[in-house]
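# Examining the three-dimensional arrangement
Each chain, written out:
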Amino acid sequence: MKNQYPSPICLATLFQELSKVPKRLAWILPFALILAVLAGCGGGSGASVEQLPDGSTSTTTNYSGPAPATDDVQAFKLSVWDNLVSENRCGSCHGTGDQAPTFVQSDDINSAYAETNKIVNLNNPQESLLVTKVAAGHNCWLTSDQACADTLTSYLQNWIGNIGGGSNKIELTAPIIKEPGSSKNLTDDHLDAYQTGLYPLMVQYCADCHSSSATFPQSPYFADADIEVAFEAARSRINLNIPQDSRLVVRLASEFHNCWSDCTANGNEVLEEVQTLANSIQPTSINPDYLVSKALGFNEGVPATSGGTRIENNVIAKWEFKTGSGQVAFDTSGVEPAVNLNLIGDVVWVGGYGIQIIDGKAQASTASSRKIHDLLTATNEYSIEAWVVPANVTQEGPAVIVGYGGGDTRRNFTLGQTLYNYNFLHRSSTTNLNGEPALSTPDAQEILQASLQHVVVTFSPTVGRIVYVNGERVDTAENSDPGNLNDWDNSFAFVLGSEPSGNNLWQGTIRLAAIHNRALNQSQIQTNFDAGVGEKFFLLFSTAHLLEVPDSYVVFEVSQFDSYSYLFNKPFFISLDATAIPSGIPVQGLRIGINGKEADIGQAFINLPVSELDSAFYNPDTGQELSPLGTIIAIEQGPDTDEFFLTFERIGDHTDVTLKDPAIGGSLDLILGDPKPHIGVRLFDEMNASMSKLTGIDPFSSSVRDLYLTIRQQLPAVEEPEAFVSSHQMAVTQLAIGYCDALVEDTNLRNSFFPGLNFSTPADQLFSTDAGKLLVINPLRDNFSGVGLSEQPDITGEISNLIDQLRVCSSDCSARTGSVVKAACAAVLGSAVVMVQ
């Protein structure tokens, strides 16, 4: 007998249809629409619809056939067959006597194993026909084809055993050779054209969702009230070269997403505006005098995952955030039941995989969260792993990054943030219900930074708690006996970004999160850190036409860093001909081009640390490193459309004819268009010496010396301002924090540097007046930026605002005074007043 209740799939269909109803008819149509949809969902006499099975949970069929012939067949059964055999997954079509391939046949597991081997690629599971078929839309049991494909990939990885190690040789393959083409580019100069053309249409019909002020805001915000925000969000969704391929058009015309009347007509309305915009823009062509490589698109590279894998033998829940849209972040670990997360509040998807938490959370149900309780208490050890980008270093609470709790004072575990520290709260037989005392990274080290970091916290009954950041163990002393997990509560909810109540909000971006039911060791953590995060490709830019080295390429590891930029990382030179060895080949002035022009910013490779390609530095397997640096290049038309190429000032026997004065080292465009500046950036050793002189801290003292040696390679190596990138600024900031910390912690030095400042006075009282704040600001100005200059840097306003933000505290404010002074000191010491010379 049919179930009298509508299935979840039908309810989802109902809500999707309701979302398409124009607001002016919203009070009339829902009643008829509800009846029509529910009639098709069973129990009514309306039009029949295909009812897809609810596969959110696999219901395994008992197996009674021949025993598995080998250990591999048994592994296949446990990891793949058991998860797919049920009727609500693949068993209704690909079982015994059904349509081929019968990879989940229930009468003989060995035959099912043989059938499955025909449709899987165990060297690259994600490329298996079993995976790609579902990724293309074939009977996915979830609301996201990508999530189904990722889950299937996990099943296959669990079958073959994910031993990782990162030691596999990267298998580079030659791309299709193509010339860089001309391209129409949407720049800041076209904002007015967008505002008067396409923008009003977006505001009229899309602002209820795609605006930051919407009741339930959904990114991208191309209909935002702020025209600059809207324009930036729309740029990568407009294809000026092929307007009909613009995402804004396709989303309506082909994918029928929230059309306001007829989807074809609505798509044509948007297409007309995009075409008008495209017609007003002239294409950009590459300067014919440039020395140019061949061209590549982002997705035309070799997947970087082919060079190694993550350690995931004991992953029991994993969120990779590959879906990129919708209100659910799927657990793709392949371990049932899936702990899927509902995105609640202001949470937006980030390009290149991730979610950004602004004022919301991602929370699982208590029922699915129980898997975490059951599988972690079974082993009595676990690891929490996350790639995160904290929005700032002023968050307190601790602000919950990853949590499993039942209230603001009851939890099984929490990975959180307090200012520059990571906090690990963990409930056990030796801690309280709130997981206290917490294990925190040391205040003085300021480990947490507002940048992409890999964070792992582990617990085992023999060692207790450990914190790792970017592959390195943080020197923290466990402050309680390890105990056990017997007191854990299985009624709690797993959540990212806050407590289940919404309190202790954490703001930032999470690129990946995973729960392991074993305590990872440092080698395994280092492997996962080295594997990186997000979708990455090796882009092979052909240079064979410029050199006498066959099959030669300059290769970058490229990933989508966020919704606005690409990361071009660690370029190297290689020939795919193993017998070809470079010898004494000059190379100079490498730049990255995008869509017919050199990128305006991010040119970190103009001054390469190598001057020639030679056998002394070349390995046929790995090539020759050109630079250890990375740089950020802005997204223009989007990952599916942007086209990249490289230019050189000199390579082999060729010299760029625009390079007129090698002594200057710049192209004619730089020399004439933007004369070489008379200022420069202090180099790494100059930076260190300057900070030492200004603060009075001995550069050979252990605290700053160790820090300097750690970040030395990340500090500027050339003086040209054009080569200064964000990674340099982060290193300068870290060094400034180190020196300021040492200054404030030295009682004699700080009393001399900040005369009249009583560090025992609570921060909220001391800095409540301008007079109190000037006790910090004036010494920083006098000692760091100088006085009486013809162009005097004005730091008073900025530092005063910073102090106002930091002086507020909820408990012992006397302990905060030193932290406020350190922050103000680092803000000035790490700024242009010290960096520029």
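Residues numbered from 1 in each chain as written. Predicted model: local features only at pLDDT ≥ 70, side-chain atom pairs only at ≥ 80, totals over all residues. Heavy atoms only, no water.

### Things to note about the pattern of salt bridges
Short version of the rule: The rule for a salt bridge is simple: a side-chain nitrogen of Lys or Arg has to be within 4 Å of a carboxyl oxygen of Asp or Glu. Each helix is a run of H or I in the DSSP string that is no shorter than four residues. Each strand is a run of E no shorter than two, and both are numbered from the N terminus. Partly exposed describes any residue whose relative accessible area lies between the buried limit of under 20% and the exposed limit of over 50%, with all areas from a 1.4 Å probe on protein chains only and scaled to the type maximum.
For the structure shown, the criterion picks out 29 salt bridges. Where Lys 822 meets Glu 745, a salt bridge forms, and the shortest distance between an N and an O atom there is 2.8 Å. In this pair, Lys 822 is assigned in helix α22 (residues 817-829) and Glu 745 in helix α17 (residues 726-745), connecting sequence segments 77 residues apart. A relative accessible area of 14% means that Lys 822 is categorised as buried. Linking Asp 804 and Lys 773 is a salt bridge whose minimum nitrogen-to-oxygen distance equals 3.0 Å.

### Describing the nonpolar core
Quick reminder of the rule: Definition used in this section: a nonpolar core is a set of buried Ala, Val, Leu, Ile, Met, Phe, Trp, Tyr and Cys residues joined via side-chain atoms within 4.5 Å.
Membership of the largest hydrophobic core comes to 92 residues, with the highest contact counts inside it found for Phe 413, Phe 494, Ile 510, Ile 515 and Leu 780. Here this core gets 10 residues from one element, more than from any other, and that element is α17. Listed in part, the 44 residues of the second largest apolar core include Phe 537, Leu 539, Phe 556 and Phe 572.

### Structural notes on the packing of aromatic side chains
The way to describe two aromatic rings as a pair is by their centre distance and the angle between their planes. As a reminder of what qualifies: Planes of paired rings set the category: under 30 degrees apart is stacked, over 60 is edge-to-face and the rest tilted, where pairs are Phe, Tyr or Trp rings (Trp by its six-membered ring) whose centres lie within 6.5 Å.
Across all of its chains, the model carries 30 aromatic pairs by this definition. A centroid spacing of 5.6 Å and a plane angle of 50° characterise the contact between Tyr 194 and Phe 231, whose relative ring orientation is tilted. In this pair, Tyr 194 is assigned in helix α7 (residues 191-196) and Phe 231 in helix α9 (residues 227-235), connecting sequence segments 37 residues apart. A ring pair is formed by Tyr 566 and Phe 644, whose centres lie 5.0 Å apart and whose planes are at 90°; its orientation type is edge-to-face. Highlighted residues: Tyr 566 in strand β20 (residues 565-575) and Phe 644 in strand β26 (residues 643-651), separated in sequence by 78 residues. What makes Tyr 566 buried here is its relative accessible area of 0%. Three or more aromatic residues joined by ring pairs make a cluster, and in this case those are Trp 319, Tyr 382, Tyr 404, Phe 413, Phe 424, Phe 459, Trp 488, Phe 492 and Phe 494.

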